[in-house]
Amino acid sequence: MTDQTRTPRSDRSPWNWLLIVPIVVPLLTPLYNHDKPRFLGFPAFYWVQFAFIILGVATTSVVYRMTRRPATPEARDE
């Protein structure tokens, strides 16, 4: 297949907007700017930070799965 017959790749998916969530949520300091409640002896700041990591991984996984291209027979032959 030549370059002229390929369709140009477009990364403009509405699903990409979901990637803003793990950037904006940690900036909302009132969510974790306190000592209590404690979870297993850890102050709220620490376990909320771990929750932000899980949020980022989950969001990235959802966006990846929703925006990946299906495998085409031509792509498998190359």
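Attention here is on the structure that accompanies the text. Since the structure is predicted, the reported quantities are computational estimates derived from the model, not experimental observations.

Side note on the overall build of the chain
The helix and strand tally for the chain stands at three helices and zero strands. Starting at the N terminus and walking to the C terminus, you meet the elements of the chain as α-α-α. Expressed as a percentage of contacts within the chain between residues at least 6 apart in sequence, the contacts between residues at least 24 apart total 58%. Summed over its atoms, the accessible surface of the chain is roughly 7000 Å², and 64% of this surface lies on carbon and sulfur atoms.

Points about the side chain of T59
Locating T59 in the fold gives a position in helix 2 (residues 44-67). Once residues within four sequence positions are removed from consideration, T59 is found in contact with L18, L19 and P22.

Points about unusual backbone geometry
Cis geometry is adopted by the peptide bond preceding P37, which originates at K36 and carries an omega value of 10°. Position of P37 relative to the elements: it lies in the loop between helix 1 (21-24) and helix 2. For L40, which is not a glycine, the phi torsion comes out positive at approximately 55°. Mapped onto the elements of the fold, L40 is located in the loop between helix 1 and helix 2.

Observations regarding helix 2
Along its 24 residues, helix 2 runs 34 Å from first to last C-alpha, staying within 8% of the 34 Å computed at 1.5 Å per residue. Buried within helix 2 are the following residues: A44, V48, F52, G56, T59 and V63. Buried residues along helix 2 sit in contact with helix 1.

Definitions and cut-offs
- Residues numbered from 1 in each chain as written.
- Predicted model: local features only at pLDDT ≥ 70, side-chain atom pairs only at ≥ 80, totals over all residues.
- Heavy atoms only, no water.
- Helix = DSSP H or I, 4+ residues; strand = E, 2+ residues; numbered from the N terminus.
- Contact = heavy atoms within 4.5 Å.
- Areas by Shrake-Rupley, 256 points an atom, 1.4 Å probe, with all protein chains shown as cover.
- Expected span 1.5 Å × (residues − 1).
- Buried < 20%, exposed > 50% of the residue type's maximum accessible area, 1.4 Å probe, protein only.

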